[in-house]
Every structure is written in structure tokens, then in C-alpha cells.
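Listed below are the residues making up each chain.
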Amino acid sequence: MTREELLALKNKRTLVTAFQISWIMVFVCLIVVCLQIRGTVSTALPALNAVDFGVPLLATLAIIASGVTAWKAEAAIRRDDRAGFMNLWRLTIALSGSFLAIMIGVFFFNPYLESGLYGQIFRVMIGYHAIHAMAIGWWLVQVYLNARSGMYSARAYWGVEAGARLWYFVIVAWLMFYVVLYLM
Amino acid sequence: MATVTAPLPGVQSHEENKLRISDYLKWSVDHKIIGVQYMVTSLIFFVIGGALVMLVRWELLTPALDLVQDGTQFNQLFTMHATVMIFLWIIPMFAGFGNYLIPLMLGAKDMAFPWLNALAFWMIPPAGILMLLGYFAGQAEAGWTSYPPLSTLFSPGDGQTMWAIAIHVLGLSSILGALNFIVTIRNMRAEGMGYFQMPLFVWGILATSLIIVMATPFLAGGLTLLILDRVAGTAFFNPAQGGDVLLWQNVFWFYSHPAVYIMVMPGFGILSEVLSAHSRKSIFGYRAIALSSLAIALLGFTVWAHHMFTSLMPSLRIPFMLTSMIIAVPTGIKIFSWIGTIWGGKIRLTSAMLFGLGFLSMFVIGGISGVMVAAVPFDLHVHDTYFVVSHFHFVLYGGSVLAIYAGVYHWYPKITGYMMDERLGKIHFWITYIAFFFTFFPMHMLGMLGMPRRVAVYAPEFQSLNAIVSISAFVLGLSTFIFLYNLVYSLYKKRIAGPNPWRVLTLEWATDSPPPAHNFHGDPVFFKNPYGFGTEAAYRYLEEQEKELGPSYPYTMEPEKRSVVTAPASTGD
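Residues numbered from 1 in each chain as written. Chains lettered and ligands numbered in written order. Predicted model: local features only at pLDDT ≥ 70, side-chain atom pairs only at ≥ 80, totals over all residues.

Visitor: Any chance you could explain the overall build of chain A here in plain terms?
Guide: Each helix and strand in chain A was counted, giving five helices and zero strands. Ordering the α and β elements of chain A from the N terminus gives α-α-α-α-α. A principal-axis box enclosing the C-alpha atoms of chain A has dimensions of 60 × 30 × 20 Å. At a minimum sequence separation of 6, the contacts of chain A that also span at least 24 residues come to 78%. (Helix = DSSP H or I, 4+ residues; strand = E, 2+ residues; numbered from the N terminus. Contact = placed C-beta atoms within 7 Å.)

Written out as C-alpha cells, the structure is:
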């Protein structure tokens, strides 16, 4: 790589990192609001049954797994193992899609629909996260489409790296939400 | 003495680098054009925001309703005045300075992400227009703080929703700009330039950008909920349905107190540059000033609840009082360092320097009144009175706006290639300085006497002071037109500045005025100590620079003469 190309890559990496640190604050804000509402809500929240608890857990496991496959896929393209990359990236998209499908379901069918204010913040958090998952999930799909036409190699894989990094952001944001919404 | 009759290098390059007005009206990825676009756009909004407050002061000339028909109209006026001044004048104006100067000061060809830079700018005009168009849909009337239930249940017009969406967009623009600054400063410094060799303006922008990227998304979260309350029937801030109005106040001030530093820290940076250059003195306590910017950025996140002393749980008052007072320490470090900088210097009372000194004196008053309102007992007395209005105008006008003026007079020669008219500059300064003082200082008294803010009708005993304030405000408003006139007049007067008219050591002056497309001819060589005035090395550096780039004002002259006496500079370097 030339000096300019290296600098451009360094800039992109710094930008994505700074963006991740910055934008996570929106999710922190929603968590603060959620905790505040839960602390002041006057009526008891409904208890979660096995399905209400198990399905989001399944989605969480899927999104964590998608992070692992994205990481391995990026490592594969760095080694110029294009076939390995394609397989792992397909798996990443499948796992991410499963997560998203489940969370869309949770948005429409959850035990808090009749829980007033808490139900509202619950849906805002699920929906807000799902919008991010959709937008960045589309990036993952676009990378796959690009990769099919041979766009990425061990020398040029920024699209893959950026997609993976942004997807890690979605994962971290969800884990924060999951802890607050289901474990606390 | 030698007489040069050929076109001067500085003059020649100026003609080559000159841009047409149309270049500034279209999409461009050149940071210099974007910087000017930011500045000019902000100035337009400054005039709009200023016109709005002239109406406010007109109304307040007498205790009764004169100009507006009711309180709602008055609420709309001050709401839009504050919002425009904060989000469409001060913040983007400093972004304009940053855009123009940061790559030049670092020796870079452009910002790290030029396209993103242009996008960040072009989000501002539509957002500003959207906000103003709210006038036709029931203008926002809940103050710039937009406290519910005023901004929800008691603001039926769609203008309030348009306001919230516009703030959302402006916040996004601000974040994109700040991310770009952070990447540029981290990665694109000239070869060998360490963090502690950067000009202090760069430190100011860096600290500001760190605050923006951490605080603004928090407001985005809160605004999303506020908009949902208004349009989707949620009730996060509606007490009647279990919502909590104080929740908004916490979320809002967690952003908006740091936003005060967003609005003033670039001004600190400008002041460091101006005071040092125009007193020919090295900065006193460079590292202290640089690191205190980071300290303010950090501490700025620990003080938000001092805006809520009257509504906060009493047990939280003391901790927030302490953090609010502690933040005066890094600010004080800066002020004493600036005084140390000009102490014993060869002070040139240029327009830029006058505004710099104006900042120093007026900001100190704002800082002291800030410590006063940080004290809970005093704050409980003056909360929501004109004392608070006075305090933040001493910070935001006495600080930020005077710093902007200082910066414009200082860098106008670099941006346009022409000197600003000094005589007009000084007239502008003295009228502004005096009118500013008499506009805002009496508000301290009004506040302590108990006059509440945000009222159109007030007790008759406050009329005398209000009349002084209003008349001074009109003069202050008019003084702005001297500045605007000077901006245009100096362009036509064409007093060529040359590359480095102030003989400054930072890199933006080590190139033509205005700079060429990629900023420098070849790789720029930076001077190790950007404030090392008075040293032999500095003198030699400036001499070399002059040989390479040509002479500067006052050694250059009007283009029609194009002949100049090139005597050795007797600048005191």
C-alpha cells in the first residue's frame, strides 16, 4: 500500500472506532430512561414465562455467534481464503437475520404491551436497536454481494472490516440492552 | 532599502488562489470552502437571531405588553432567539473556524473525510430553515431547554416538533463534524508534530469534539423520546400518565451543560492564538492550557444537575455544587495563563487583540457569576431570574462572540488575502464592548431584585434598568452592522495581506493568503514551538518564510501600486 492508502485506512479505522464510542451514548441514554421508569413504575411488571425469556436468549446467542463468524470471516479474507470468507459471511448474515426476525417478533408480541410507560420504553429500545441492526445488516448483505463479484482480497478488505466492526457495535449495544431488559 | 516594482509573490498567489462567490454556493469538499460556508451561514443566522432579540428588548422597554399580542408570541421570540444563537450561530461558526484552520495548522492537505465534511455542513441550512418555518405551523415556544410539559402538552403547534427534528439534524451534523476533527487531529499532523506542538486552537477543537461525540448522542436519545411523546402518543415526560418531567431535565442538561463548553472552548483556542501573536509573547503555560481543556471536557460531564438545584433531591445538591465549583479551577488556570502571556509583551492593540482583551475581561465576569450560581443558597435565590440571563450572556457573548470577532479579525487576512479595515474594527470594538456591558451587566441587578426571566410583563419598578438594557441592546445590535460592513468593505478595499501579516509561527501562516488548493507548496515545515516569539530561531524562520512566500502587510500595498519598500522587519521578534 502507498503512504496515502495506509493513511486513508488508518483514518477509516479511527473514524469507525470514534463513531462506536460516540453513538453508544444514545443506547446509554435509553438505558438510563428505562431504569428510571422501572424505578418509578407504580404497578408490578408481568413475570416472564419460559417463552418470553427463552426466545430473546436464543436471539442473543445468535447475535453473539454472528460476531464470532464475522470475526472469523474477516480473518479468512485477510488470509485471502475467499471460499472460507464466503461461507462464514453467509453464516453471519443468516445468524444476524435470525436475530433480527426474532426481535421484530418481540417488538410486536411481548409481555409488556399492556404495561404503560415501561411497555413504551421497552418497545422503543427493541425498535431502536432493530433499526440499527437492519441498517448495518444491510451493509453485511451488500458486502456479500460485492464479495460475489470478487471485490475483496487480502489487500483490499476494508468493506468487510467496516461491516464487521459496525456489526460488533450492534452486538455490544444489544448485550447492554439485554442485561437491562432481561437480567436486571 | 530596495524598491520592488515587479508584482509581489504574495499578490500574485492571491490572484491565483482567488475564488469566485459562486464557488461558495455549491457542494465542495475543500475544507477551506466548507469553512467559509459554515461562517457565512452562521453569520446569516446571527443576524436573524439578533433581530429576534431586538423584538424581545423592544417589548421589554415598558412593563406592559406593547409589541407582542400575548405571552405565547413572546415565548416564541426568545425560544427562537436562543436556539438560533446556540445551534445555528455559535456552534457552526466555531465549526467553520475549525474547518478552515485545523488542516492548515496541522500541515495537512484537507480534513480526513472531505465528503463527510461537506455533508455535515449541508445538513445545517435545511435544518435551520425547517426550524424557522415552524413560524407558519405554530412556532416552538418552550424555550431552548424545551422542558416538558411546556414542550409537549402546552405546545400544540407543529413548530415544536419541527424544532425538535431540526435540533436532531443539527446534532447529527455536529457529531459528523466532530468525528472528522478527531480523526484529522489524531492522524494527519505534519511529520514529526507531536500533540504538544499543536497550536492551542487545535487543542480547543479537540476537546470540543470529544465533548460533542460523547454528549450529543445523549441528547439524540432524549429528543427521540420527546418527539415520540409529541407524535406517537407515548408519555415518557407526561406526569399525568406516569411520565417524569425531571427525566427530560436530566437528559437535556447531561448534553447541554457540556454544550456550554462546546460553545466556548474553541473560543479559548482562538484567544490563545490571538493574545500570543499580538503581544509577541510565548504562551505562558502551554501544557496547562492544553490539558485544562481536557480537564474541562471531563469535568463538564459531572455538573449537569446544577441547573436543577431547585428541583433536585436536596442530598444531591452539595455534590453537584462541589463539581460545579471545581470546574472553575481549569478555567482559572487558563485565565491566569493568558494574563501571564500578555504580561510584559509588546502588545499591539489591533482589532483582534482588542476583542481578545475584551473576551478576557468579560468572560471573567461571566466566570465569577458562574461560581456564584454554583453555590446552592445563592442559586435558590436567583434561579430563573435575570441574573442567570446575565451570567450566560457574559459567557456566551462576552466569551464566545467576542472570541469569534477576535478570530475573524485575526484570520480574515488568511482567508481572503486582504486586511480588514482596522479603523472600522476599532470603532466596532468600542461600541460593542460598551454596549455589551450596559446590556448585560444591569441584568445582574434585575435578577437579584427578583425579576424573573422569560416574562413579557414585569413589575414597574424594574423599568429603568430594563430601559438601559434595551437601549444598550439596540446599540449592540447596530454595532454588528459595522462588523458586517467591514467584512464586505475590506474585500473591496483590497489591502493585500500577504502570507503572514501578523508574523505568526503556526503553520496556517506558512502558505499563501488565501492558501492554494492543497494548502501548501510541498511539505510544510513547522516551527517546533508555535509560540516561540522573540527567539533567534523564530526570527530566522520568519525570514526564510518571507523569502519563500513573499512579504506581508504592512510591507505589501494596494495592487494598483504594486511597489513596496522591503526594509527589514522591526517587529520585535
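Visitor: Is there a simple way to think about the interface of chain B and chain A in this case?
Guide: Taken together, the contact pairs 26 residues of chain B with 24 residues of chain A. Per-class residue counts for the side of chain B that touches chain A are 17 nonpolar, seven polar and two charged. (Nonpolar A, V, L, I, M, F, W, Y, C, P; charged D, E, K, R; others polar.)

Visitor: Would you take a moment to explain the packing of helix α9 (residues 286-299) of chain B against helix α11 (residues 328-342) of chain B for this structure?
Guide: Angle between the axes and distance between the axes: these two values describe a pair of packed helices. Residue and element names in this part refer to chain B. Running from amino to carboxyl end, α9 crosses α11 at an angle of 155°, the nearest separation of the two axes being 8 Å. As summarised for this structure, α9 and α11 are arranged roughly antiparallel, according to the angle between their axes. The hand of the α9/α11 crossing is left-handed. Across the interface between the two elements, Ala 288, Ile 289, Ser 292, Ala 295, Ile 296 and Leu 299 of α9 pack against Pro 330, Thr 331, Ile 333, Lys 334 and Ser 337 of α11. (Axes fitted to C-alpha atoms, helices over the stretch in contact; angles between N-to-C directions. Parallel < 35°, antiparallel > 145°, perpendicular 65-115°, else oblique. Left-handed = near helix turned anticlockwise from the far one by under 90°.)

Visitor: Whenever I open this one, unusual backbone geometry confuses me. Can you help?
Guide: Among all residues save glycine, negative phi is the norm, and among peptide bonds the norm is trans. All names here are of chain B. Note the cis peptide between Pro 148 and Pro 149, where omega equals 5°. Relative to the helices and strands, Pro 149 is located in the loop between α5 (124-133) and α6 (158-187). Between Ser 513 and the following residue, Pro 514, the backbone shows a cis peptide bond with an omega angle of -10°. Inspection of the secondary structure puts Pro 514 in the loop between α16 (463-493) and α17 (536-549). Although it is not a glycine, Arg 280 adopts a positive phi angle of roughly 50°. Here Arg 280 shows up in the loop between α8 (245-279) and α9.

Interpretation note: all reported values are geometric properties and have no functional meaning in isolation.
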